[in-house]
Amino acid sequence: MSSIPVRRTSSSEGDSQPTSDERKRKRMISNRESARRSRMRKQQHLDELINQAEQLKSQNSQIDVQINLATQQFVKVESENAILRAQLSELTERLQSMNSVLRFIEEVSGMTMDIPELPDPLLKPLQLPCAAQPIMANADMLQF
């Protein structure tokens, strides 16, 4: 006798074990289901990415608006500062002129007058009184 088992193919044994066609069919169904789940995950991921892109575009638009508002405010303040510097310069010249007239009157009349000296910030309008302290800015300043 041979020690190799002999495979019997009777109808009763064939019913208990799936045939190769049946295994192929089950595997095909399993593969289709797996592919369907994979497509669903891929679509869900794509939907999440599209949603995230829309949110980022919206945030970008809001930041653009904030930058434009800050730029407009900066231009307005810079314009006002230019006007104030011109006025300061004109008033400083007038004050110097008036002081010159007062000194002339003081010399001619012989009277002593209390002629105030011009304060340093008026003589040097671009020099800030607290020049040692740097001007600091941060992102919170742009919140409107």
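Residues numbered from 1 in each chain as written. Predicted model: local features only at pLDDT ≥ 70, side-chain atom pairs only at ≥ 80, totals over all residues. Heavy atoms only, no water.

In plain terms, the rule: UniProt positions are given in the numbering used here, feature names are shortened, and annotations may be inferred rather than shown by experiment.
An unreviewed UniProt entry annotates the chain as Ocs element-binding factor of Musa troglodytarum. Reading the Subcellular location (unreviewed entry) entry of the UniProt record for the chain gives the comment "Nucleus".

Points about helix H2 (residues 20-109)
Put simply, the rule is: Where helices and strands are cited, they refer to DSSP runs of H or I of at least four residues and of E of at least two residues respectively, numbered from the N terminus. In a helix, the anticipated span is given by 1.5 Å times the number of residues less one. Exposure classes here rest on a 1.4 Å probe applied to the protein chains alone. A residue is buried below 20% of its type maximum, exposed above 50%, and partly exposed in between.
Between its terminal C-alpha atoms H2 stretches 130 Å, which fits the 134 Å expected from 90 residues at 1.5 Å a residue. If you check which residues of H2 are buried, you get Ala70, Thr92 and Asn99.

Structural notes on the pattern of salt bridges
Filter applied, for reference: Each salt bridge in this description consists of a side-chain nitrogen of Lys or Arg and a carboxyl oxygen of Asp or Glu lying within 4 Å of one another.
For the structure on display, the rule yields four salt bridges. Where Glu22 meets Lys26, a salt bridge forms, and the shortest distance between an N and an O atom there is 3.9 Å. Pair noted here: Glu22 and Lys26 are both in helix H2, with a separation of four residues, about one helical turn. Overall, the relative accessible area of 47% leaves Lys26 in the partly exposed class. With a closest N to O distance of 3.8 Å, Arg37 and Glu33 form a salt bridge. Here the residue Arg37 and the residue Glu33 both occupy positions in helix H2, the gap between them amounting to four residues, near one helical turn. Since its relative accessible area comes to 40%, Arg37 is described here as partly exposed. Taking relative accessible area as the criterion, Glu33 reaches 31% and is therefore assigned partly exposed.

Some thoughts on a nonpolar patch on the surface
Defined as follows: Patches here: salt-bridge-free residues with over 30% relative accessible area, like charges joined within 9 Å, nonpolar side chains (Val, Leu, Ile, Met, Phe, Trp, Tyr) joined within 5 Å. Where accessible areas are quoted, they stem from the Shrake-Rupley method and a 1.4 Å probe; at the residue level, only the protein chains shown are allowed to cover.
A contiguous nonpolar patch, built from Val101, Phe104, Ile105 and Val108 and spanning about 380 Å² of accessible area, is present on the exposed surface. Here Ile105 is to be found in helix H2. The exposure class of Ile105 is partly exposed, given its relative accessible area of 36%.

Notes on the side chain of Asn99
Rule in force here: Should any heavy atoms of two residues lie within 4.5 Å, those residues are considered in contact.
Tracing the sequence through the fold places Asn99 in helix H2. Given the relative accessible area of 4%, Asn99 is considered buried. With residues near it in sequence (within four places) discarded, Asn99 still touches Ile115, Pro116 and Leu118.

Examining the confidence of the model for the chain
Stated precisely, the cut-off is as follows: For every residue, the predictor reports its confidence as pLDDT, a number between 0 and 100.
In this model, the chain carries an average pLDDT of 81, and 70% of its residues clear a pLDDT of 70 or more. Element-level pLDDT for the chain is lowest in helix H1 (residues 11-16), with a mean of 50, against a maximum mean of 94 in H2. pLDDT under 50 marks residues 10-14. Its contacts with residues more than four places away, or in other chains, come to one contact.

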